[in-house]
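So you can see what is in the structure, the chains are spelled out below.
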Amino acid sequence: MATSDTRTQLLDAAEHLFAENGYRGTSIRAITRLAGANLAAVGYHFGSKAELMAAVARRVIEPINAAQCAGLDALLARTPDPPVGELVEAFAGPLFDEMPAGDAGGARTSRLIVTILSDPAEEARSWTGAEEDSVRERYFAAFARVLPGLSPEELWFRMRGILAVTAVDRLQAYQLPSPGCVSSVAGEASRRWAITFLTAAMSAPPIRT
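Reading the values: the criteria
- Residues numbered from 1 in each chain as written.
- Predicted model: local features only at pLDDT ≥ 70, side-chain atom pairs only at ≥ 80, totals over all residues.
- Heavy atoms only, no water.
- Phe/Tyr/Trp six-rings, centres within 6.5 Å; stacked < 30°, edge-to-face > 60°.
- Helix = DSSP H or I, 4+ residues; strand = E, 2+ residues; numbered from the N terminus.
- Buried < 20%, exposed > 50% of the residue type's maximum accessible area, 1.4 Å probe, protein only.
- Lys NZ or Arg CZ within 6 Å of the ring centre and 35° of its normal.
- Expected span 1.5 Å × (residues − 1).
- Bend = angle between axes of the 7 residues up to and from the residue.
- Polar contact = N/O pair within 3.5 Å; in protein donor to acceptor, adjacent residues only side chain to side chain.
- Contact = heavy atoms within 4.5 Å.
- Core = buried A, V, L, I, M, F, W, Y, C linked by side-chain atoms within 4.5 Å.

A. Structural context of the packing of aromatic side chains. Under the definition given, this model contains four aromatic pairs. Measuring from ring centre to ring centre gives 5.7 Å for F18 and Y23, while their planes differ by 20 degrees; the resulting arrangement is stacked. Ring centres of F91 and Y139 lie 4.8 Å apart, and the angle between their planes is 45 degrees; on these two criteria the pair is classed as tilted. Of this pair, F91 sits in helix α5 (residues 84-98) while Y139 is found in helix α8 (residues 130-146), placing the two residues 48 residues apart along the sequence. Judged by its relative accessible area of 1%, F91 is buried. An aromatic cluster is defined as three or more aromatic residues linked by ring pairs; in this entry it consists of F91, Y139 and F143. When the ring centre of Y23 is taken as reference, the NZ or CZ atom of K49 above it lies at 4.3 Å.

Right, dumping it as structure tokens:
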């Protein structure tokens, strides 16, 4: 097997196992076994299991980041203060587009995102790099301009909610398809429902403590 193929096989195997078993529940031995590689391959290509996790996460999230950036750029080219609903769609829409209903790859991506959000292992929760941070910060700034009543803490909480709701919905759509619904139709409806719901959630008055 060529070196580049080995790297891709390791990424594919790790993505599958991290999504299924979490970071701590996945061993290097299991990854290399599924990839058909030797035990030294992870160290050679990635340096460590933690770096492999980061590479898996980057491969999954980079297309989403690119689409989110393009959507925000288009909105801001039109107006410095887009409506909340349009910001939500630009932020959440790519998550639906990259995780289509009824698609095994989309379900695996959603499981991986849920793992990143919830896995207690620090290596799984600190995978984000400069590009991901930049995207979040740009959307945070845009939401903050149109929702000035929200504290930074509550705004970050609501943005995390967008990620969580979308990832869980995509996973449910694959595992429990709606009776009588074609996956593509159900996916389009879910996208509209989620954006409507999340727009209302983002626009809700601040919680006073």
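B. Examining helix α4 (residues 49-78) more closely. In this model, α4 (30 residues) spans 44 Å end to end at C-alpha, consistent with the 44 Å of a helix rising 1.5 Å per residue. Helix geometry: α4 is bent most strongly at I61, by close to 40 degrees, with proline P63 lying one to four residues after it.

C. Spotlight on the side chain of T32. Note on placement: T32 falls in helix α2 (residues 28-35). A distance of 3.0 Å separates the side chain of T32 from the backbone oxygen of R29, its partner in a polar contact. Sequence-distant contacts of T32, that is, excluding residues within four places in its chain, are made with L10, A37, N38, L39 and V42.

D. A look at α5. Spanning 15 residues, α5 covers 22 Å between terminal C-alpha atoms, matching the ideal 21 Å at 1.5 Å per step. Among the residues of α5, V84, L87, V88, A90, F91, A92, G93, P94, L95 and F96 are the ones counted as buried.

E. Examining the nonpolar core more closely. Ranked by internal contacts, the top residues of the largest apolar core, which has 29 residues, are V88, Y139, F143, L155, M159, I162 and M202. Those elements that place two or more of their residues in this core are α4, α5, α8, α9 (152-175) and α10 (183-203). Among the elements that make up this core, the one with the highest residue count is α5 (eight residues). In contact with I162, other than residues within four places in its own chain, are F91, A92, F143, L198 and M202. By size, the runner-up hydrophobic cluster in this structure holds 22 residues, among which are L11, A13, L52 and L112.

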